[in-house]
Amino acid sequence: MFGPGLLFVVSGPSGAGKDTLVEALRTRMPRLKYSVSATTRPPRRGEKDGISYFFWTREAFERRVAEGAFLEHREYNGNLYGTPRDFVERTLTDGYDLIMKPEVNGALRIQQAFPDAVLIFILPDKFSHLRERLEARRTETNEEIARRLEIAHAEVQSIRQFDYIVINEERRSEEAVNDLEAIVRAEKFRIHRWGDDSIREVEHS
Ligand code: 5GP
């Protein structure tokens, strides 16, 4: 089975656990490529440029926007975030599967650009856990947390446009990673992903 790679878009509200789940999935599936986003937000402790994000100034970011370098970009809570176009297009064309984790509007833009993309919505088992997780990681001020929760309420309104929901239950994130892995594996075996030539070969064997 050859051809373009599959694109997995993992989204959902801030605090739902996207980062942890995607990181765990990548450890299990090292061949899965990851699309590093660009942002104007300052790095958090431990975040590395080019690995967690490309940390760009607003000026540099806007210049790239004007150059058409992004597949999508969004202002989120006062900062810009975007998916660099080149890496995604090249990686998929080269036949590698790719995962990314934009916020919900970004995910829907990607779906328009790549109708074959698989969209996965990560939800906590209880909405109140979002606040608890955001508070526990101590990387945002109270105002920022309040704003992120407000955005989260708006984001869940788009859930029907996604292909899958994964519930990231408190203290059971291993199960959510299993679910995510199951989705990725199953998608690769869908008949419509096979090229017509491969199917014909089987039919005439
Ligand atoms: P954080 O500041 O917590 O790292 O990210 C804030 C939000 O921006 C998260 O919901 C994250 O998924 C989203 N985000 C990260 N990269 C991108 C991107 O390239 N595009 C879009 N639209 N959102 C992104």
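All of the points below concern the structure found in this document. Nothing here was measured: the structure is a model prediction, and the numbers come from that model.

The strand order β2-β7-β1-β8-β9 describes an open sheet built from five strands, whose pairing is parallel. With one partner strand each, in any of the chains shown, β2 (33-34) and β9 (164-168) form the two edges of the open sheet. Where strand β1 (residues 7-11) meets strand β8 (residues 118-124), four bridges bridge the pair, whose relative direction is parallel. In the sheet register, V10 faces β8, and the bridge partner there is I120. Where helix α3 (residues 85-93) meets the sheet, it contacts β1, β2 and β7 (98-100), and its direction lies at approximately 150° from that of β7.

This brings us to the sheet that holds strand β6 (residues 79-84). What the four strands build is an open sheet, ordered β4-β3-β6-β5; its pairing is mixed. Each of the sheet's edge strands pairs with one partner strand only, and the pair in question is β4 (54-55) and β5 (70-76). By the bridge criterion, two bridges tie strand β3 (residues 38-39) to β6 in an arrangement that is antiparallel. The partner of A38 across the bridge, within β6, is G82. On the sheet, helix α4 (residues 104-113) packs against β5 and β6 and is oriented at approximately 160° with respect to β5.

A word on the nonpolar core. Counting residues in each nonpolar core, the largest one holds 26 residues, and the members touching the most others are F8, I99, I120, I122 and L180. Residue assignment for this core shows that the elements contributing at least two residues are β1, α1 (18-28), β8, α5 (128-137), α6 (142-155) and α7 (173-188). Broken down by element, this core gets its largest block of residues, five residues, from α7. With sequence-adjacent residues up to four places away left out, I122 is seen in contact with V10, S11, G12, P13, A16, K18, L21, V166, N168 and L180.

Definitions and limits used
Residues numbered from 1 in each chain as written. Predicted model: local features only at pLDDT ≥ 70, side-chain atom pairs only at ≥ 80, totals over all residues. Heavy atoms only, no water. Pairing = 2+ DSSP bridges. Helix = DSSP H or I, 4+ residues; strand = E, 2+ residues; numbered from the N terminus. Contact = heavy atoms within 4.5 Å. Axes fitted to C-alpha atoms, helices over the stretch in contact; angles between N-to-C directions. Core = buried A, V, L, I, M, F, W, Y, C linked by side-chain atoms within 4.5 Å. Buried < 20%, exposed > 50% of the residue type's maximum accessible area, 1.4 Å probe, protein only.

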